[in-house]
Amino acid sequence: MKVIERESISRANVDGRSDLFIRRAAPRDRLCAGDIVTVETKNSMAEGAATSSFTGVCIAIYRRGIDTSFILRNLVQKVGVEM
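Everything numeric in this text was worked out from a predicted model, so none of it was measured. Just so you know, the residues in each chain are numbered from 1, in the order the chain's sequence is written. Only residues with pLDDT of at least 70 get local features here, since the model is predicted, and only at 80 or more are side-chain atom pairs given and counted; chain-wide, interface and lining totals rely on the full set of residues. Note: side-chain values were computed over all heavy atoms of the structure, leaving out hydrogens and water.

*Asks:* Which residues make up the confidence of the model for the protein, and what values do they have?
*Replies:* pLDDT runs from 0 to 100 and stands for how confident the predictor is about each residue. In this model, the protein carries an average pLDDT of 82, and 99% of its residues clear a pLDDT of 70 or more. A run of H or I in DSSP becomes a helix once it reaches four residues, and a run of E becomes a strand once it reaches two; helices and strands are each numbered from the N terminus. Considering each helix and strand of the protein separately, the mean pLDDT is smallest for helix α1 (residues 2-12), with a value of 78, and largest for strand β2 (residues 50-62), with 89.

*Asks:* Lay out the nonpolar core in plain terms, naming residues and giving numbers.
*Replies:* With seven residues, the main nonpolar core is built from Leu31, Val37, Val39, Phe54, Cys58, Ile61 and Leu72. Only β1 (36-43) and β2 provide two or more residues apiece to this core. Among the elements that line this core, the one with the most residues is β2, at three residues. Residues are treated as being in contact if the distance between any of their heavy atoms lies within 4.5 Å. Once you skip the residues sitting within four places of it in the chain, Ile61 turns out to touch Leu31, Cys32, Ala33, Ser69 and Phe70. As used here, the term nonpolar core means buried Ala, Val, Leu, Ile, Met, Phe, Trp, Tyr and Cys residues forming a set that is joined through side-chain atoms within 4.5 Å. Between buried and exposed lies partly exposed: a residue is buried under 20% and exposed over 50% of the maximum accessible area for its type, with that area taken using a 1.4 Å probe on protein chains only.

*Asks:* If you had to explain the sheet that holds β1 to someone new, which residues and values would you point to?
*Replies:* Taken in spatial order, the four strands of this open sheet run β1-β2-β3-β4, and their pairing is antiparallel. A single partner strand is all that each edge strand has here, and the edge strands are β1 and β4 (79-82). Adjacent strand axes in the sheet meet at a mean angle of 40° when their direction is disregarded. Taken together, the eight bridges between β1 and β2 define a ladder with antiparallel strand orientation. Paired with Thr38 across the strands is Thr55, a residue of β2. Here, any two strands with at least 2 DSSP bridges between them count as paired. Every axis in this analysis is a line fitted to C-alpha atoms, fitted for helices over the stretch in contact. Angles between the N-to-C directions lie between 0 and 180 degrees.

Here it is in structure tokens:
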């Protein structure tokens with residue numbers, strides 16, 4: 001399973017993003033709670049190249065290798081939104 005996980009990460013890491021989620025990295029080189037992050041998603045089902053972006057404050061990070069996730073929080077039309 002470790003081999004599959006390593007191969008999956010190397011295939012998805014074309015621009016060095018996985019370095020943001022390494023626990024052993026210095027705090028200035030990794031994503032930490034309190035950082036402001038913009039996430040862009042591409043919708044391949046929409047006509048053309050439809051992308052949407054969400055900017056928020058990182059409030060939690062769960063570092064679990066390939067299953068790493070994080071929670072962003074922002075105010076949208078005076079309502080707290082977490083993604």
